Amino acid sequence: MKKYTFLVLSFLFISSSYAQKELTLKAWLEDGEFSQSSVRNVNWMNDGGYYSALENNNILKYNLATGKAEETILDGSSLDEEIKIDQYSFSASEEKLLLQTERTSIYRRSFTAEYYVYNLSDESLVKLSNGGKQSYATFSPDGSKVAFVRDNNLFYVELDGMSEKQLTSDGAFNSIINGSTDWVYEEELYLTKAFEWSPEGDKIAYYKFDESGVKEYNMQVWSPNDLYPTDYRYKYPKAGESNSTVDIFIYNLNDEKTIKADIGNGTDIYIPKIKWTGDNNILSIRRLNRLQNEMDILHCDAQSGSTELILKEKAKEYIESHEEENLIYLKDGKHFIFTSDRDGYNHVYLYTNEGELVRQITKGEWEIATFLGVDQKGKKATIYFVSTEGSPLERYFFSIDISGKNKIQLTKEQGTHRIDISDDFSYYIDYYSSATQPLKVSLYKTKGNKLVEVLKDNSALIEKSKEYDLVEKEFFSFETSEGIQLNGYFLKPSDFDPSKKYPVLIYQYSGPGSQQVLNNWTGGHYYYHQLLTKKGYIVATVDPRGTGGRGSEFTKVTYQQLGKYESNDHIETAKYLGSLDFIDAGRIGIWGWSYGGYISSLSMFKGEGIFKTAVAVAPVTTWRFYDTIYTERYLRKPQDNPSGYDDNSPINHVDKLKGNYLLIHGTGDDNVHFQNAVALENALINEGKQFETFYYPDRAHSLWGPDRRMHLYEMMTNYIVENL
């Protein structure tokens, strides 16, 4: 691990040749002064020499040899029926395009949209369905059909003739869901599209949720033109309560029969992922127990529905259900690759299809951050991944032989690299940034690791940063009284004088596996914190125990007692900062959003005066109010671990509040319910504690929208200036 102790990265921000512009919320939130250019919606094409990307409603074809756009595949505005393209996908042969438009969000990841099929050969455009908006439309492998979900039922369209086939008919809101997921799967397992075409396109495997036994949460919705509020009710399983029951079915298009997969007799389980193994008759199903410390890989016979247990993974604490794909079946039909943190760090393992371990491929006191895939061309398969090797504050791109030998670091620039690699592994796009370098997007040829073209360098943002006199991250680390090293960074005023004392505001998120302290170019709140430095504040960010990048022992120490170590570490952070010559120990504040709001509240209360001011946006105030999958993964059920739920609930520490506390929440928050704010307010009032609170009517967890964000940050700024 690299040591970071007041390491100041060289930065070219400050220059007397630049007339300084005033940094304002408007410049950040409304004018888009600091937006980063990128390459988005990349589709790697069958011809290994090209990829496509969506830009300004045009789908462009890029030559990988030059990095230049060579052709406009489709101009959305030139169609007879003009379409604003939100997303697109190719059929496997690239003869057809599936265009998504008129997208309407439901929750964080779920949505409905209109889809169109565009035929590149005859330039024809046809609407996928006239029966109402659809969700998650997906081509079959041969491009002859498209499956989608509508009104909780699964359909497919035969594109030759545009005939529509309905596969399920029992879907009903707040009751039965086919081919899509319930709220908690969407939020916590990152799963919305819950169906998969078989490799030959003659079968569709899909989820069926029965959420009729799940209790409803009720949100009142206020409209300025209505005399009475309306109710929005949806199924939300809180910790310890009943979940949906889940089944997996396989529909055979040839005989129009549906079979049910045998996923065991237990109903209190999760199915985080399904995927076809490469064998058209074998479906891979991952099954988690409710406590999420045992995971099984099952292989299901698509003809009979019978299953075989292939691999059982157990953990002392919990098994993360990876957002990224971490299971790859090899083309030899005999092996699969899987990642696991069984040795204390997330690494890559090779198994036979019968579940026998062949070898551990990667090893070391570092983490696989992203498993990118396996290139199976040539004599030896090559595995590609992004890891923390070198520093937990950075991410680098590596390759390694399937034998576990010949590991090569492909990215060298110090900082954070995110990789999008082509389907044939011939090229990759490196999305790189550091504390001194905004996003730089570069195209590489994998063989020989040769740079083809810098696609975006955000040089304009670098110049703009100089104009606004933005300050650099100054990394530091310190050791707590418990002997734990914590990493952090400062943002200091550009005219910082070490002989003066400054107020400091700690910003943190602190959630399990998260990481805020990285050698990267940070967006979002980063510019808000820059604005605070202009007002004479130092902003500090520290990752406490429970956060990611440093192995299971560091991350999973919070198991069964969320909040305890995180708040202790932030109290220790405040004490450490207060000991520094340039910090005013009487003017230390803390703020955060969501889990960060939970920790800012808990730290403020438990600190009993060490923090002068705290701001909490949309905080959990008791884990008894939060959902099953997330909460029970880290705390088990409240019936089994009541102290884990109550000992570190801010509600149970309100008597210790000393100082200024601002609580902010949206009444339309479907994720962390407004109920959390109400319960905490009641507890504070009962203790006779003075505090300030603000609610945003009908606004969701993100409080998104320029008008809301301007209002929010103006309010927080005024509060901080007046109270810290």
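For the structure given in this document, a descriptive report is provided here.

Definitions and cut-offs
Residues take numbers from 1 onward in each chain, read along the sequence in its written order. Per-residue local features of the predicted model are confined to residues with pLDDT of at least 70, and side-chain atom pairs are confined, for both listing and counting, to 80 or more; whole-chain, interface and lining totals are unaffected and use all residues. Hydrogens and waters are ignored; side-chain quantities use all the structure's heavy atoms. Every helix listed is a DSSP run of H or I at least four residues long, and every strand listed is a run of E at least two residues long, numbered separately from the N terminus. We call two residues in contact when some of their heavy atoms are within 4.5 Å. Whether two strands pair comes down to DSSP finding at least two bridges between them. Think of it in three bands: residues with accessible area under 20% of the maximum for their type are buried, residues over 50% are exposed, and the middle band is partly exposed, with areas taken using a 1.4 Å probe on protein chains only. Neither His nor the chain ends contribute to the count of charged residues, in which Lys and Arg are positive and Asp and Glu negative. We count a salt bridge whenever a side-chain nitrogen from Lys or Arg sits within 4 Å of a carboxyl oxygen from Asp or Glu. Only buried Ala, Val, Leu, Ile, Met, Phe, Trp, Tyr and Cys residues count toward a nonpolar core, and they belong to the same one when joined by side-chain atoms within 4.5 Å. Centre distance within 6.5 Å is the pairing criterion for rings of Phe, Tyr and Trp, where only the six-membered ring of Trp is used; planes under 30 degrees apart are then read as stacked, over 60 as edge-to-face, and the remainder as tilted. Two N or O atoms form a polar contact when they lie within 3.5 Å of each other; inside protein one atom must be a possible hydrogen donor and the other a possible acceptor, and for residues adjacent in sequence the pair counts only when both atoms belong to side chains. Simply put, an axis is a line fit to the C-alpha atoms, just over the touching stretch for a helix, and the angle between two N-to-C directions goes from 0 to 180 degrees.

**Section: the side chain of N458**
So, step 1. For N458, the position within the fold is in the loop between β36 (450–456) and α3 (459–467).
So, step 2. Ignoring sequence-local partners within four residues, the contact set of N458 consists of S35, Q36, S37, P438 and L439.

**Observations regarding the sheet that holds strand β2 (residues 43–44)**
So, step 1. The antiparallel open sheet is built from four strands, whose spatial order is β2-β3-β4-β5. Strands with a single pairing partner mark the edges of an open sheet, and in this sheet they are β2 and β5 (68–75).
So, step 2. Judged from the six bridges that link them, strand β4 (residues 58–63) and β5 form a sheet pairing that is antiparallel. Along β5, the bridge assignment pairs N63 with K68.

**A word on the side chain of D670**
So, step 1. Among the secondary structure elements, D670 is positioned in the loop between β43 (660–666) and α10 (675–686).
So, step 2. Despite its burial, D670 remains without a salt bridge, the nearest opposite charge being carried by R108 at 7.1 Å.
So, step 3. Each residue touching D670, except ones within four places of it in the same chain, is listed here: Y107, W183, M219, Y234, Y236 and A700.

**Focus on the pairing of strand β31 (residues 396–401)**
So, step 1. Of all six residues in β31, six are buried, a share of seventy percent or more.
So, step 2. Side chains Y396, F398 and I400 of β31 all project onto a buried face; the interleaved residues F397, S399 and D401 project onto the opposite face, where all are buried too.
So, step 3. Direction of pairing for strand β30 (residues 382–387) relative to β31: antiparallel, over a ladder of six bridges. Paired with Y384 across the bridge in β31 is S399.
So, step 4. One ladder, built from two bridges, connects β31 with strand β32 (residues 408–409); its direction is antiparallel. The partner of S399 across the bridge, within β32, is I408.
So, step 5. Once β31 ends, the chain turns through six residues before running back antiparallel as β32, passing G404 with a positive phi of about 90°.

**Things to note about the nonpolar core**
So, step 1. Counting residues in each nonpolar core, the largest one holds 61 residues, and the members touching the most others are Y185, Y207, I271, I285 and W623.
So, step 2. Looking at which element gives the most residues to this core, the answer is strand β21 (residues 269–276), with five residues.
So, step 3. Ranked by size, the runner-up nonpolar core spans 42 residues in total, among them L393, V517, W521 and V617.

**A word on the packing of aromatic side chains**
So, step 1. By the definition in use, this model includes 55 aromatic pairs.
So, step 2. Taking the centre distance of 5.6 Å and the plane angle of 40° together, the rings of Y107 and Y234 count as tilted. In this pair, Y107 sits in the loop between β7 (96–105) and β8 (111–119) while Y234 sits in strand β18 (residues 230–235), placing the two residues 127 residues apart along the sequence. This pair shows no difference in class: Y107 is buried, exactly as Y234 is.
So, step 3. Their ring planes at 15° and their centres at 5.6 Å tell us that Y384 and F425 sit as a pair that is stacked. In this pair, Y384 is assigned in strand β30 and F425 in the loop between β33 (416–421) and β34 (427–434), connecting sequence segments 41 residues apart. Judged on exposure class, the residue Y384 and its partner F425 are both buried.
So, step 4. One aromatic cluster is present, built from ring pairs that chain together Y318, Y509, Y559, Y595, Y598, W623, Y626, Y630 and Y634.

**Remarks on the environment of K473**
So, step 1. Turning to its location among the elements, K473 is positioned in the loop between α3 and β37 (474–479).
So, step 2. Judged by its relative accessible area of 1%, K473 falls in the buried class.
So, step 3. C-alpha separation for the pair K473 and I599, spaced 126 residues apart in sequence, amounts to 23 Å.
So, step 4. Within the local environment of K473, its side chain forms a polar contact with the side chain of N520, the two groups lying 2.9 Å apart.
So, step 5. Within the structure, the side chain of K473 is placed 2.7 Å from the side chain of T522, a separation counted as a polar contact.

**Remarks on the sheet that holds strand β10 (residues 135–139)**
So, step 1. Strands sit in the order β10-β11-β12-β13 across an open sheet of four strands; the sheet is antiparallel. Two strands lie at the open edges of the sheet, namely β10 and β13 (163–166), each paired on one side alone. Averaged over all pairs of adjacent strands, the angle between strand axes in this sheet comes to 20°, irrespective of strand direction.
So, step 2. Two strands pair when backbone bridges link them, and β10 and strand β11 (residues 145–150) are joined in this way by three bridges, in the antiparallel orientation. Paired with T138 across the strands is A147, a residue of β11.

**Concerning unusual backbone geometry**
So, step 1. Positive phi is not limited to glycine here, since N56 has a value of about 50°.
So, step 2. Following the sequence through the fold, N56 ends up in the loop between β3 (50–55) and β4.

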